[in-house]
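As a plain string of letters, each chain reads:
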Amino acid sequence: MPESLFDRLAVGQTAPIVTEPVTLVIFGGVGDLAHRKLLPALYNLHLDGLLPPRFAAVGVGRKVLSDESYRDFAKDGVTEFSRRPFDGAAWQRFAEMLFFVNASIEEGGTLAPLGARLDIIEHDRGLPGNRIYYLAVPPSLFVPTVKQLAATGLVAPPSTSSRRQEPVTTETNAPPFPRLIVEKPIGRDLASACAINDAIAEVFSERQIYRIDHYLGKETVQNILVLRFANSIFEPLFNQKYIDHVQITVAEEEGVGTRAGYYEQAGALRDMVQNHLLQLLALVTMEPPYSLDADVIRDEKLEVLRSLQPIDRTAVVKQVVRAQYAAGYEIGAAVPGYRDEPGVAKDSRTETFVALKAFIDNWRWAGVPFFLRTGKRLPKRASEISIHLKEVPPILFNRTPPGSLDPNVLSIRIQPDEGFALTISSKVPGPRVRIYPVKMDFRYSSTFGATSPEAYERLLLDVMAGDATLFMRRDAVETAWRWVMPILEAWSEQADAPLPTYAAGEWGPIEAERLIEPTGRQWRQP
Ligand code: BG6
């Protein structure tokens, strides 16, 4: 079995060592994702010496480009978006591993030219045909691309394929493997997600499919399990006896930018809550897994998703707030409202902000509210999970007035300024007993110095290593959709209901305050 990420961490290794040769085929090779994230991530893996000794990345797209022009395209992306500066000598060696193939599956196109070119590249570079197909294309092309892979014989269907099984060892004489990476969004509701998963399953077995939720690749998100299960101080407290409530905030400063075409069809619930926020929730609340095996961890996360108390349509109005940003300010500069962004309909009802109150119906978490919130054009980019402990009883110190002490809060800062902090009550020096909340603060940057790898570096490496721990299994994706469906349905039934707004640069609409304040709590500003 491939070693899992956390197995490696347990013995102090930070990155998988991939020895098997790999051919990475990027559909959408000249797209935004490849330019901004994938090619820079591969370049950084190369700088760290983490790419397999024999490796090729082959971009596929509708454009007609030579390998040389593709390398120029990649160089632009690396120069602008790489975590580390461009290095001419390192670049030269990296560029030799990049290729481009013009192929399109739209309008009756075929992947036959791709197959022929891959054979040549692999032959020339001594690659045995371990292929990872990355679907960095619009979701409408997921199924047609996978079908074409099967139709052109690049991948044989699971039932008949001799290449179907993943190698169980990392020996180089293992049969070549095909793997598939799928980007979110997987569908825009439960039915479409199931349809995509069904179609993909006709060509790839579940073990060969790596569904990306890039939040799981973030260093701080991986640290949640370490924080919980490599320390004995926190885990005994993580339950309804000691925790008052939990907040998860994923705030973005930017607006919709150039992505209106996608975002108009998605909105914050589909774009962020169904995946990133529910995954964070699952990691913070899951039971301790009995081993570090990828599927054991994913089983425990799934249990959380299954235990989420359904928010039925009638409860949506009480438990979920949606809103859209209006014109406002970002760092002092005037910015337009969502409806005035390029590509957005003037009467758009797409939500750019969601806040909701959720409960987990299991013994550990019964009755503990989880407040989730995400939005674009909020005052700053900040993602944080805060765990608010219960108040001390008003007996010794919390008496005058009752509740005067700030309860302890453990905050896990996902980004930026990665780290975590614990607030604790302490006596202010002096003759009188005055109590003040002080902070124990850990910052990655000051403790570990170097910048953390980008999520895509970790995720690409894990796919090459065959480690699925940080990827979404089909059942998790569908369970998450099942939970958000009543919210989507209630909203589509309330097509005439007023849609709250918030000025760009504010922390969401007043309705979000009204969601939390009647419970005697308030949003924590990260
Ligand atoms: C993506 C969403 O999944 O995550 C985007 O589609 C969002 O809308 C992005 O901006 C946020 O990711 P990060 O890593 O910048 O927090």
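Being a predicted model, the structure only gives us computed values, none of them experimental.

Enquirer: Would you mind showing me how to read the sheet that holds strand β8 (residues 320-326) here?
Expert: One key point about sheets: their strands pair by backbone hydrogen bonds, in either a parallel or an antiparallel sense. The strand order across the open sheet formed by nine strands is β16-β15-β14-β13-β7-β12-β11-β8-β18, and the pairing between neighbours is mixed. Only two strands of the sheet have a single neighbouring strand rather than two, namely β16 (435-443) and β18 (501-503). The average angle at which neighbouring strand axes cross in this sheet is 20 degrees, direction not considered. Note: β8 against β18, three bridges, orientation parallel. Within the sheet, the bridge partner assigned to Gln324 lies in β18 and is Thr501.

Enquirer: In this structure, what is going on with the packing of aromatic side chains? I would like to understand it.
Expert: To describe a pair of aromatic rings, one takes the distance between the centres and the angle between the planes. According to the stated counting rule, one finds 20 aromatic pairs in the structure shown. Taken together, a centroid distance of 6.0 Å and an interplanar angle of 50 degrees make the contact between Tyr43 and Trp91 tilted. Within this pair, whereas Tyr43 is found in helix α2 (residues 32-47), its partner Trp91 is found in helix α4 (residues 88-95), the two being separated by 48 residues in sequence. You'll find Tyr43 and Trp91 in the same group, each marked buried. Note on Phe442 and Phe448: the rings are 6.0 Å apart at their centroids and 75 degrees apart in plane angle, and the pair reads as edge-to-face. Given a relative accessible area of 18%, Phe442 falls into the buried group. In this structure Phe448 comes out as exposed when scored by relative accessible area, which is 57%. Here Arg179 stacks its cationic end above the ring of Phe177, 3.6 Å away from the centre of that ring. Positioned above the aromatic ring of Tyr215, the side-chain terminus of Lys218 is 4.6 Å from the ring centre.

Enquirer: Is there a simple way to think about the side chain of Gln274 in this case?
Expert: By the element assignment, Gln274 lies in helix α10 (residues 268-285). Gln274 sits in the buried class, given a relative accessible area of 5%. Of the polar contacts made by the side chain of Gln274, one reaches the backbone oxygen of Val477; its length is 3.3 Å. Beyond its immediate sequence surroundings of up to four residues, Gln274 is in contact with Leu269, Val477, Ala480, Trp481 and Val484.

Enquirer: Any chance you could explain the pattern of salt bridges here in plain terms?
Expert: Once their charged atoms are close, side chains differing in charge can pair, the charge on each being opposite to the other. Counting across every chain of the model gives 34 salt bridges. In this structure, the salt-bridge partner of Asp299 is Arg473, at a minimum N-O distance of 2.7 Å. With Asp299 in helix α11 (residues 294-307) and Arg473 in the loop between β17 (471-472) and α15 (474-493), this residue pair connects regions lying 174 residues apart in the sequence. Classification of Arg473 by relative accessible area gives buried; the value is 10%. A salt bridge links Arg458 to Asp462, with the nearest nitrogen and oxygen atoms 3.7 Å apart. Taken as a pair, Arg458 and Asp462 lie in helix α14 (residues 455-465) at a separation of four residues, close to a single helical turn. Assigned by exposure class, Arg458 and Asp462 land together as buried. Beyond isolated ion pairs, a larger network of salt bridges with shared partners links Asp295, Arg298, Asp299, Arg473 and Asp475.

Enquirer: Help me out: how do you make sense of the site of the ligand in this one?
Expert: Taken together, Lys184, His214, Tyr215, Lys218, Glu252, Arg259, Asp271, Met272, His276, Lys376, Arg381 and Gln415 form the complete shell of residues around the ligand. One of the side-chain N or O atoms of His214 is found 2.8 Å from an oxygen atom in the ligand. One of the side-chain N or O atoms of Arg259 is found 2.8 Å from an oxygen atom in the ligand. With three residues, the single largest contributor to the shell around the ligand is α10.

Enquirer: What should I look at first to understand the environment of Leu459 in this one?
Expert: Of note, Leu459 is situated in helix α14. Among the residues examined, Leu459 registers a relative accessible area of 0% and is labelled buried. Taking the C-alpha atoms as reference points, Leu459 and Ile181, separated by 278 residues in sequence, lie 9.9 Å from one another. What Leu459 contacts, discounting residues up to four positions off in sequence, is Ile212, Asp213, His214, Gly217, Leu470 and Phe471.

Enquirer: Help me out: how do you make sense of the pairing of strand β14 (residues 409-415) in this one?
Expert: Looking along a regular strand, one sees the side chains alternate between the two faces of the sheet. Counting buried residues along β14, seven of its seven residues qualify, which places the element largely inside the surrounding structure. When strand β13 (residues 382-389) meets β14, the two strands line up antiparallel, connected through six bridges. Looking across to β14, one finds that Ile387 is bridged to Leu410. Sheet analysis places β14 next to strand β15 (residues 419-427), joined by five bridges and oriented antiparallel. Each residue of the ladder has a partner; that of Arg413, found in β15, is Gly419. Between β14 and β15, which follow one another and run antiparallel, lie three residues, and Asp417 among them has a positive phi close to 50 degrees.

Enquirer: Mind showing me how you'd approach α11 here?
Expert: Each full turn of the α-helix corresponds to 3.6 residues, which orients residues three or four apart in the same direction. With 14 residues, α11 extends 20 Å from end C-alpha to end C-alpha; this agrees with the ideal 20 Å at 1.5 Å per step. With 10 of 14 residues buried, α11 is to be regarded as a mostly interior element. Buried within α11 are the following residues: Ala294, Val296, Ile297, Arg298, Glu300, Lys301, Leu302, Val304, Leu305 and Ser307. At the N-terminal boundary of α11, the capping side chain belongs to Asp293, with an oxygen 3.1 Å from the backbone nitrogen of Asp295.

Enquirer: How do you make sense of empty space enclosed by the protein when you look at a structure like this?
Expert: Empty pockets left among the atoms are what a rolling probe the size of a water molecule brings to light. Under the defined criterion, the tally for this structure stands at four cavities of 30 Å³ or more. The space that makes up the largest cavity amounts to roughly 100 Å³. Lining of the largest cavity is provided by 13 residues; of these, Lys184, Ile186, Gln274, Asn275 and Met472 occupy positions nearest its centre. Secondary structure elements with two or more residues in the lining of the largest cavity: β6 (209-212), α10 and α15. Across the lining of the largest cavity, the residue classes break down as six nonpolar, three polar and four charged.

Enquirer: Sorry, what's going on with the layout of surface pockets here?
Expert: The volume enclosed by the second largest pocket comes to roughly 490 Å³. Residue lining of the second largest pocket: 19 residues in total, with His245, His388, Pro407, Val409 and Gln522 positioned closest to the centre. Counting only elements with at least two residues in the lining of the second largest pocket, the list comes to β7 (243-251), β13 and β16. Per-element accounting of the lining of the second largest pocket gives the leading share, three residues, to β7. Its residues assigned to classes, the lining of the second largest pocket shows five nonpolar, seven polar and seven charged.

About the thresholds
- For every chain, the first residue of the written sequence is number 1, and numbering continues from 1 onward in sequence order.
- Per-residue local features are limited, in this predicted model, to residues with pLDDT of at least 70; the limit for side-chain atom pairs, both in listing and counting, is 80 or more; totals at the level of whole chains, interfaces and linings are taken over all residues.
- Each side-chain value is derived from all of the structure's non-hydrogen atoms; neither hydrogens nor water enter the calculation.
- By definition, two strands form a pair when at least two bridges between them are found by DSSP.
- Secondary structure elements follow DSSP: runs of H or I no shorter than four residues count as helices, runs of E no shorter than two count as strands, and numbering proceeds from the N terminus.
- A fitted line through C-alpha atoms represents every axis, and for helices the fit uses only the stretch in contact; the resulting angles, taken between N-to-C directions, go from 0 to 180 degrees.
- Planes of paired rings set the category: under 30 degrees apart is stacked, over 60 is edge-to-face and the rest tilted, where pairs are Phe, Tyr or Trp rings (Trp by its six-membered ring) whose centres lie within 6.5 Å.
- Here the term buried applies to any residue with accessible area under 20% of the maximum for its type, exposed to any over 50%, and partly exposed to those in between, with areas from a 1.4 Å probe on protein chains only.
- Ring-over charges, as used throughout, are those where CZ of Arg or NZ of Lys falls within 6 Å of the ring centre and within 35 degrees of the ring normal.
- Throughout this description, a polar contact denotes any pair of N or O atoms lying within 3.5 Å of each other; where both atoms belong to protein, one of them has to be capable of donating a hydrogen while the other can accept it, and for residues adjacent in sequence the pair is counted only when both atoms sit in side chains.
- Residues count as neighbours in contact if any of their non-hydrogen atoms are within 4.5 Å of one another.
- Salt bridges are identified by distance alone: a Lys or Arg side-chain nitrogen within 4 Å of an Asp or Glu carboxyl oxygen.
- The near set for a molecule or strand comprises every residue that places at least one heavy atom within 4 Å of it.
- Here the expected span of a helix is defined as 1.5 Å times the quantity of residues minus one.
- In this analysis the probe radius is 1.4 Å and the grid spacing 1 Å, with only protein atoms considered; a cavity is a set of points the probe fits into but cannot get out of, a pocket is an open set with protein on both sides within 12 Å along at least five of seven lines, and lining residues have an atom within 4 Å of a point.
- Grid points are joined across faces, edges and corners, and a volume is the space filled by probe spheres set on the points.
- Amino acid classes used here: Ala, Val, Leu, Ile, Met, Phe, Trp, Tyr, Cys and Pro are nonpolar; Asp, Glu, Lys and Arg are charged; the rest, including Gly, are polar.

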